[in-house]
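This is what each chain is made of:
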Amino acid sequence: MADRGVDLSALPKEVRDQLAELDLELSEGDITQKGYEKKRTKLLAPYVIHTPVEPPPQNDVQPPVPTSSSSHAPPPASSSRYRERRSRRTHRGGGTRDDRYRSDIHTEAVQAALAKHKEEKMALPMPTKRRSTYVQSPIETRTPPDSSSGSEDETSVRRQSSVVAPPPLVNPNLQSPDSWINRSVQGSSTSSSASSTLSHGEAKPQPQSQAKPQPQYKPQYQPLYQPHYQPQYQPLHQPHQQPHTAAVTDMLAQSRIENSAPPPDVTAVAPPARGSRVDLPSNAVVRGMSRGQSRSSMMETADGVPVSSRVSTKIQQLLNTLKRPKRPPLSEFFTDDSEEIVEVPQPDPNTPKPEGRQIMPVKGEPLGVVSNWPPALQAALARWGATQGKSPALTALDITGRPLYTLTYGKLWSRSVKLAYTLLNKLGTKNEQILKPGDRVALVYPNSDPGMFWVAFYGCLLAEVIPVPIEVPLSRKDAGISQVGFLLGSCGVGLALTSEICLKGLPKTPTGEILQYKGWPRLKWVVTDSKYLTKPSKDWQPHIPTANTDPAYIEYKANKEGTVVGVAVSKVAMLTHCQALTQACNYCEGETLVNVLDFKKDMGLWHGVLTAVMNRIHTISVPYAVMKACPLSWVQRVHIHKARVALVKCRDLHWAMMSHRDQRDTSLASLRMLIVADGANPWSVSSCDAFLNVFQSHGLKPEVICPCATSPEAMTVAIRRPGVPGAPLPARAILSMGGLSHGVIRVNTEDKNSALTVQDVGHVMPGALMCIVKPDGPPQLCKTDEIGEIVVNSRAGGNMYYGLPGLTKNTFEVIPVNANGVPIGEIPFVRSGLLGFVGPGSLIFVVGKIEGLLMVSGRRHNADDLVATALAVEPVKTVYRGRIAVFSVTVFYDERVVIVAEQRPDASEEDSFQWMSRVLQAIDSIHQVGLYCLALVPANTLPKTPLGGIHISDTKQFFLDGSLHPCNILMCPHTCVTNLPKPRQKQPVGVGPASVMVGNLVAGKRIAQAAGRDLGMIEDQDLVRKHQYLTEALQWRAQTDPDHVLFVLLNAKGVTVGSASCVQLHKRAEKIAGALTEKGSINTGENVVLLYPPGIDLIAAFYGCLYAGCVPVNVRPPHPQNLAATLPTVRMIIDVSKAACILTTQNLMRILRSKEAAASVNIKTWPTIIDTDDLPRRRPPQIYKPPTAEMIAYLDFSVSTTGMLTGVKISHAAVSALCRSIKLQCELYSSRQIAICLDPYCGLGFVLWCLASVYSGHQSILIPPFELESCLSLWLSTLSQYRVRDTFCSYSVMELCTKGLGTQTELLKARGVNLSCVRSCVVIAEERPRLALTHSFSKLFKDVGLSYRAVSTAFGSRVNLAVCLQGTTGPDPCTVYVDMKSLRHDRVRLVERGAPQSLPLMESGKILPGVRVIIVNPETRGPLGDSHLGEIWVNSPHNASGYYTIYGEESLQADHFNTKLSFGDPQTLWARTGYLGFVKRTELLEASGDRHDALFVVGSLDETLELRGLRYHPIDIETSVSRAHRSIAESAVFTWTNLLVVVSELCGSEQDALDLVPLITNVVLEEHHLIVGVVVIVDPGVIPINSRGEKQRMHLRDSFLADQLDPIYVAYNM
């Protein structure tokens, strides 16, 4: 190496500093071994005396660094490295938690496990990201960043690294370039730039040596107008268009339930609805596919379905990986029976079980009685202060590691007395005493100021007030800050002591007051610097009583959930603990001790502050900040002061070892004890060994290393006593991890990869009694070969959790019981929270902590073990400073393991994903446990503990709240969720042709059928008889009541912009009929398309067509700002309906013939277009009268939610029957006014807008819904202004009002809006009632007089436009609660409101007069019983006559429109609605006095998802998903090759995108027992919605598969 010929001590100081810095970087994992050697060589080159230095051989291994030498990240640009280094020197944060887990043996084991996996060649689909999501924006860091690289312009660093990918450094002994490529493909299926993916078989990865630059951008555009409704169709009969259209249609058709064959699908994979994308420049060679190719090059999946290759390849990969057999056999699954009982998986008979005898309690040696023990700790201080005033008590170091000041025992005593006097006598006014003995006081001192802390602590003891040391709060956002407030509150703290410097540094309000932290009580701050203390009068002496059981101090402790509690230690326990430590460690008066630990709590306090004073020890306190700047400082202090004892953690051993190379002359020969505070951590053993290895040559004796085990409750549990020189070191335990996971001790024999090596922590403390009990359930004694919780009985332990008696009982007053449950004695033990066992020779071994315990499927795993495994998977390239957190979350009745790590700022997407997939494999191999989620977050964003570690409970909370903001995430629910219910096997149906029918009962149940009242003859009998056609009704009204206004059209300002009386409408219709026969030369019975905005022109054109004997086809006009998406639909309806002519306005005619229109359709082939704006006055020769009422009146075209375009034929008879039915139900007369705010293009909306008024004579106030966009309150203020009693709207209108006006009810009131006049407000829909929306609407507008009884819904379908409509009379709609689990099994089980897994369903309105419905089993076509779920069939005079199709598919029509029951009543002809629902007889009475039968619609049969043999309704899953996080605006689900795909619109910032993935996966698993396969996060407005406000899920599915969604993020769950 470079330094062979260099005398390091002779080098200039700055070079030595730079070398030390380099060593530290290597130790932190901030630089690779190779990079380290290169830089070191460069630094030393000028000082080398001998021959030129040859490059170091590749396999020359330096002291351990956890990486495999396969491939290393190149060192970043030196300038940024320099800046980073400078900033790091000033602030080295990030507690590099990995150092506790370094173990070469383990690293080898992990590499071996991975090598085994490598043979399997797993291809995991890599998530798809939008570029902007993971350019790590400098998230407002929760702590000051550790290195400046986080705040630099990331993109510049990224750009360098992505444009020129250097060839990997391949170790010749290890790998060839081929294997490297294979590995990258195996670790992640992609080697991609942001926008391109390598799909197997399409493009080969470039040979690494000539990597081409990759484009770094992906343009994202959005059209100016984002329509609600983006259908994209092309008719099937245009063969010159894309040839694969038919295949997609077939696929869609097959995905339905076969026997209810659908109307013909006229959809196709359409051009993208978004704006065009910029394709990448030709010179940039993209590995994989660019956006440009992916649209055109289509590929077939295994089942012959053509889809865009990018998405489908990933899904195919996902399916392939999911096909690999899962580990647990099926016997472990539980069946989901109707009782809500979850069966635990059956235990495996081969599980190892404890076989030893019951453990005997272990006794420590007796606590020696020494004549001169002081009666209390304060007495010891008083004695040394008086007799040994000059002897040093404490030396504090400055930031550079040099001594700052030394506090003598005399000074410590006098200052403490001064403080005690001030606290008791000088805080308040003359007479009042603020502090009384026994009060609690917070001690707030920084780690760099031990002197002030000592004085404050002993001052409190002398004043007999109880000190509560806490961390200095740095900001409002400190991790766990509110929990510290809980501690202060539960301890009743009102006063805080601090130093002047610390007080100045605390965050303040603008007025200069100290911030009030969240959850903190109000505190008075007292500064304890000497100059502010009062010297007591000569005769005042502090009272020092003999130690008793009153609390002496309170030590804080955070438990697993993050709650901070205070462990109270009594005066006698404090004294006894000091005596026991003195005896165990053999402390002598006047020794020197170096303390690197936190002096406020735990070992740092017990040894370095309390026991030290008892024995007049000189303590040298090395603060954490010094350790970060100069990791060797503690070793130098030991050398300089010839210290006898040092108090350290593994981290300090590791740091010192990594930077020891420059210290040739340090000697550790003076040490008789090197106490390792976290020696109980199983991973400490390798740090101790490595440290000994390096420093044995510096005089360190092997027997002085003394690991110990402690906990805040039991205090010191065990400590290894210093050994006799030359005696053999204690043996290690090599345990099987498999055995440990079952809680038993087995020596590892078979698989060396899954072994855990543990060192002992010595013997029990003097005067203590210890035993091992089961960690859960009653404290039963363990067997000798069983792992359990260590419990201790001793006078030297904590007494209680202050102020929390309930918790105290369970922890501090435990009485162990034997196997029969009988207590073994009277004496109480304290739970230590440590898991371990007693080894040979009564040595204690600890294998983990209760708070790090993860119980997965009945097996125990230790979080620390998982961290160690993750770190052994070459983290240098990916993980920032080894910062990894492991915790578990409970999802679906079991704990699931989550790993969160900080990602290095320069880590590539590829490296990260590969690291994640390797961690999965390593943990799977070594621990046999599946990971649920693995997340990488930007460097420095995880919440930190005061000493820089990761705050686990806060991290877990952020994860569950969705505020962790990962930059990479991998969910693996398929592999680790093994307790799902068994898939359902369909059972034969109970009611079938073999059942006996008696009247209306079938197999003992009432048949599920219901009917509206009779249509009968009504009062205008002559009108009905004479005018069975609407044309006749209009002519009759024009003669009898010519000036009666039928229609009023309002604009956004609420002003009437058009109206039509009976005679005006009649005349306008005549004009249009004249124009049709003359201009259009239209023949009777031909189809005419009406293309109008909502208004009166549309109504006039409709009647004009009827007058001329044509069949009107009403079509929504194209949106002028989005012709590309909306015009093809118009074109298609025109083509499908074979329209002979188009009636429209001048404006729309211009649009149809415009250049813009030509871009998306062929405008030369439009049929005749007639604009009806200025027609000459011409009457037609005669008004057409159809020969029979069965002739078609009009065609109703609509797009179903599954993306099917269907036209149905409505006859004249159906029109008048429907109008009559509505007239009866809603009591409509000519004196009535109704307000309509919905789209008039299809279904019941069109009937109400155009037909009902002409039939019933009432006045319709027409409000076009698009006007609400410019004036939200238009509809509601119209209702109030015209005192309207009945109004009809759509869900979209109701949603607009709820979201837009919900907060403005006061404003509406002030404007005089009053809705108390509204008697019925009916939502027109073809879906399950949206209960949440109607409820919130009623609630919000109750303040402006809306009665909650007014709001109701209607239900119609394609075969019958109006089945239900809540009328003016009859019972209110009722709501029932059904069990969702039963619903999935096609059963209806009614439950109480608020029952778990219950779903509220509202009746869909009253069944209309003349309508009969029956519930039928869609498979057997037999009727079902009451409260059974089945398809709703309907019989009524206003059923549609059939589908209007291009091909006369009679079988389809017969099936949907004229179907008979398979038994029961085989004569009646029914139409199948395609909706699932049930009928329930209620307690309510009809007007006729009969009990009311309510119809409940559950959902469309076409839309349901069949998963695991169960039937799911998308809306239920979507409702759960939308509740998962505040940033989810809307969501939609569909299935693709048996995978559930969830698409969610993100309304927050793109940083939240990846937070949603685990939350969505959790909620669907919890509430629906389904595993989500793919999560797609998209922009708002991407989920297409039709005019009725229904989601177009099939369109979404097509767009997703054609890769047209431009998603923010796509996660493929493993």
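Enquirer: Can you walk me through the overall build of the chain in this structure?
Expert: Each helix and strand counted, the chain has 45 helices and 64 strands in total. On the chain, roughly 61200 Å² of surface is accessible, and the fraction owed to carbon and sulfur atoms is 54%.

Enquirer: Help me out: how do you make sense of the side chain of Ser1382 in this one?
Expert: One can find Ser1382 in helix H41 (residues 1380-1384). For Ser1382, a relative accessible area of 2% puts it in the buried group. A distance of 2.9 Å separates the side chain of Ser1382 from the side chain of Asp1379, its partner in a polar contact. If we ignore the near neighbours within four places in the chain, the residues touching Ser1382 are Arg1387 and Arg1389.

Enquirer: What is the right way to read the packing of helix H20 (residues 650-658) against helix H21 (residues 684-695) from this model?
Expert: Geometrically, a packed helix pair is captured by the angle between its two axes and the distance between the axes. Between H20 and H21, whose axes approach to 9 Å, the crossing angle comes to 35°. In terms of crossing hand, the pair formed by H20 and H21 is left-handed. Residues Cys650, Leu653, Ala656 and Met657 of H20 lie in contact with H21, whose contacting residues are Ser684, Ser687, Cys688, Ala690, Phe691, Val694 and Phe695. A class-by-class count of the residues in the contact of H20 with H21 yields nine nonpolar, two polar and no charged.

Enquirer: Before we go on, may I ask you to explain the state of the cysteines in this structure?
Expert: Cysteine pairs can be linked by a disulfide, which is a covalent bond between their two sulfur atoms. Counted by the stated rule, this structure contains zero disulfides. Counting only cysteine sulfurs, Cys1289 is the nearest neighbor of Cys1321, a cysteine outside any disulfide, at a range of 4.5 Å.

Enquirer: Whenever I open this one, the packing of helix H43 (residues 1514-1523) against helix H44 (residues 1553-1568) confuses me. Can you help?
Expert: Two elements in contact, H43 and H44, have axes separated by 9 Å at closest approach and are oriented at 135°. Considering the angle they form, H43 stands oblique to H44. For the pair H43 and H44, the crossing hand works out as right-handed. Listed contacts from H44 to Asp1516, Ile1517, Ser1520, Val1521 and Arg1523 of H43 are Ile1560, Val1563, Val1564, Glu1567 and His1568. Residue composition of the contact of H43 with H44, by class: five nonpolar, two polar and three charged.

Enquirer: Sorry if this is basic, but what is going on with the pattern of salt bridges here?
Expert: Opposite charge on two side chains permits them to pair, given that their charged atoms come into close proximity. Per the counting criterion, the structure on display carries 49 salt bridges. A salt bridge links Arg883 to Glu902; the nearest nitrogen and oxygen atoms lie 3.0 Å apart. Note that Arg883 is positioned in strand S29 (residues 879-891) and Glu902 in strand S30 (residues 894-903), a separation of 19 residues in sequence. Neither residue differs from the other here; Arg883 and Glu902 are each classed as buried.

Enquirer: Explain the confidence of the model for the chain to me, please; I cannot follow it from the model alone.
Expert: Detailed conclusions should not be drawn from predicted coordinates in areas where pLDDT is low. Across the chain, pLDDT averages 80, with 79% of residues at or above 70. Segment residues 326-341 is flagged for pLDDT under 50; beyond a separation of four residues in sequence, or across chains, it makes 29 contacts in the model. Across residues 991-999, where pLDDT falls below 50, the model places 15 contacts with residues more than four positions away in sequence or in other chains.

Enquirer: Explain the nonpolar core here, please?
Expert: Inside soluble globular proteins, nonpolar side chains tend to come together where they are buried. Among the nonpolar cores identified, the biggest contains 102 residues, and Leu443, Leu497, Tyr553, Leu610, Ile675, Met770 and Ile790 are the most heavily contacted of them. Of all the elements, helix H13 (residues 450-463) adds the most residues to this core, at 11 residues. When near neighbours in sequence (up to four residues on either side) are disregarded, Leu443 contacts Phe453, Ala456, Phe457, Cys460, Pro467, Val468, Pro469, Ile470 and Leu497. Core analysis: the next-biggest nonpolar cluster, separate from the first, contains 87 residues, Cys1062, Tyr1103, Leu1248 and Cys1364 among them.

Enquirer: Explain the side chain of His1568 here, please?
Expert: One can find His1568 in helix H44. Residue His1568 is classed as buried on the basis of its relative accessible area of 1%. Engagement of the side chain of His1568 in a polar contact is seen with the side chain of Ser1520, the distance being 2.7 Å. Beyond its immediate sequence surroundings of up to four residues, His1568 is in contact with Met1380, Arg1384, Tyr1512, Asp1516, Ile1517, Ser1520 and Val1563.

Enquirer: Would you mind showing me how to read the environment of Ser1336 here?
Expert: With respect to the element layout, Ser1336 can be found in helix H40 (residues 1331-1340). Residue Ser1336 is classed as partly exposed on the basis of its relative accessible area, which comes to 28%. For the pair Ser1336 and Thr1298, spaced 38 residues apart in sequence, the C-alpha to C-alpha distance is 7.2 Å. A polar atom in the side chain of Ser1336 sits 2.8 Å from the backbone oxygen of Ala1332.

Enquirer: Would you mind showing me how to read the sheet that holds strand S53 (residues 1398-1402) here?
Expert: Two pairing modes exist for strands in a sheet, parallel and antiparallel, and in both the strands are linked by backbone hydrogen bonds. Across the sheet, which stays open at both edges, the three strands sit in the order S52-S51-S53 with antiparallel pairing between neighbours. Because the sheet does not close on itself, it has two edges, and the strands there are strand S52 (1390-1391) and S53.

Enquirer: What is the right way to look at the packing of aromatic side chains in this model?
Expert: For any two aromatic rings, the description comes down to two numbers: the centre-to-centre distance and the angle of the planes. Applying the stated criterion across every chain, the model contains 24 aromatic pairs. Taking 6.4 Å as the distance between ring centres and 80° as the angle between the ring planes, the aromatic pair formed by Tyr445 and Phe453 counts as edge-to-face. Phe453 gets classed as buried once you look at its relative accessible area, which sits at 0%. Chaining the aromatic ring pairs together yields one cluster made of Tyr445, Phe453, Phe457, Tyr458, Tyr553 and Phe599.

Enquirer: Hey, could you run me through the pairing of strand S10 (residues 524-527) in this one?
Expert: Successive side chains on a regular strand alternate, one facing one side of the sheet and the next facing the other. Here four bridges tie strand S9 (residues 495-498) to S10, and the two strands are oriented parallel to one another. Bridging from a neighbouring strand, Leu497 pairs with Val526 of S10. Where the polypeptide runs from S9 across helix H15 (residues 500-505) and back to S10, its parallel neighbour, the crossover connection is right-handed.

Enquirer: For this particular structure, what's the right way to read unusual backbone geometry?
Expert: A positive phi is found at Phe892, a non-glycine position, where the angle reads about 50°. Mapped onto the elements of the fold, Phe892 is located in the loop between S29 and S30. With a relative accessible area of 0%, Phe892 lands in the buried category. Although it is not a glycine, Thr1537 sits at a positive phi angle of roughly 40°. Following the sequence through the fold, Thr1537 ends up in the loop between strand S61 (1528-1536) and strand S62 (1539-1546).

Enquirer: Would you explain H44 in this entry?
Expert: Given 3.6 residues to a turn, an α-helix orients residues that are three or four positions apart in the same direction. The end-to-end C-alpha separation of H44 is 23 Å, in line with the 22 Å expected for 16 residues at 1.5 Å each. A large share of H44 lies buried, amounting to 14 of its 16 residues.

Enquirer: Looking at this model, I keep getting lost on the sheet that holds S30. Mind explaining?
Expert: Pairing in this open sheet of four strands is mixed, and the strands run S29-S30-S31-S32 from one edge to the other. At either margin of the open sheet sits one strand with a lone partner, and together these are S29 and strand S32 (968-971). Going across the sheet, the axis of each strand differs from the next one's by a mean of 15°, ignoring polarity. As judged from the seven bridges shared by S30 and strand S31 (residues 931-938), these two strands associate in the parallel manner.

Enquirer: What exactly am I supposed to notice about helix H37 (residues 1274-1281) here?
Expert: Among the eight residues in H37, six count as buried, and that is most of the element. Burial in H37 covers these residues: Leu1274, Trp1275, Leu1276, Thr1278, Leu1279 and Ser1280. Looking one or two residues beyond H37, the residue adopting positive phi is Arg1283, at roughly 50°.

Enquirer: Explain the pairing of strand S26 (residues 844-849) to me, please; I cannot follow it from the model alone.
Expert: Across the six residues of S26, five count as buried, placing the element largely inside the fold. Pairing geometry for strand S25 (residues 830-838) and S26, over five bridges, is antiparallel. Bridging across to S26, Gly836 finds its partner in Val846. Remark: five residues form the turn of the hairpin made by S25 and S26, two consecutive strands paired antiparallel; Gly841 in that turn has positive phi of roughly 70°.

Parameters at a glance
Residues numbered from 1 in each chain as written. Predicted model: local features only at pLDDT ≥ 70, side-chain atom pairs only at ≥ 80, totals over all residues. Heavy atoms only, no water. Helix = DSSP H or I, 4+ residues; strand = E, 2+ residues; numbered from the N terminus. Areas by Shrake-Rupley, 256 points an atom, 1.4 Å probe, with all protein chains shown as cover. Buried < 20%, exposed > 50% of the residue type's maximum accessible area, 1.4 Å probe, protein only. Polar contact = N/O pair within 3.5 Å; in protein donor to acceptor, adjacent residues only side chain to side chain. Contact = heavy atoms within 4.5 Å. Axes fitted to C-alpha atoms, helices over the stretch in contact; angles between N-to-C directions. Left-handed = near helix turned anticlockwise from the far one by under 90°. Nonpolar A, V, L, I, M, F, W, Y, C, P; charged D, E, K, R; others polar. Disulfide = S-S within 2.5 Å. Parallel < 35°, antiparallel > 145°, perpendicular 65-115°, else oblique. Salt bridge = Lys/Arg side-chain N within 4 Å of Asp/Glu carboxyl O. pLDDT = per-residue confidence, 0-100. Core = buried A, V, L, I, M, F, W, Y, C linked by side-chain atoms within 4.5 Å. Pairing = 2+ DSSP bridges. Phe/Tyr/Trp six-rings, centres within 6.5 Å; stacked < 30°, edge-to-face > 60°. Right-handed = clockwise from strand over helix to strand, strands pointing away. Expected span 1.5 Å × (residues − 1).

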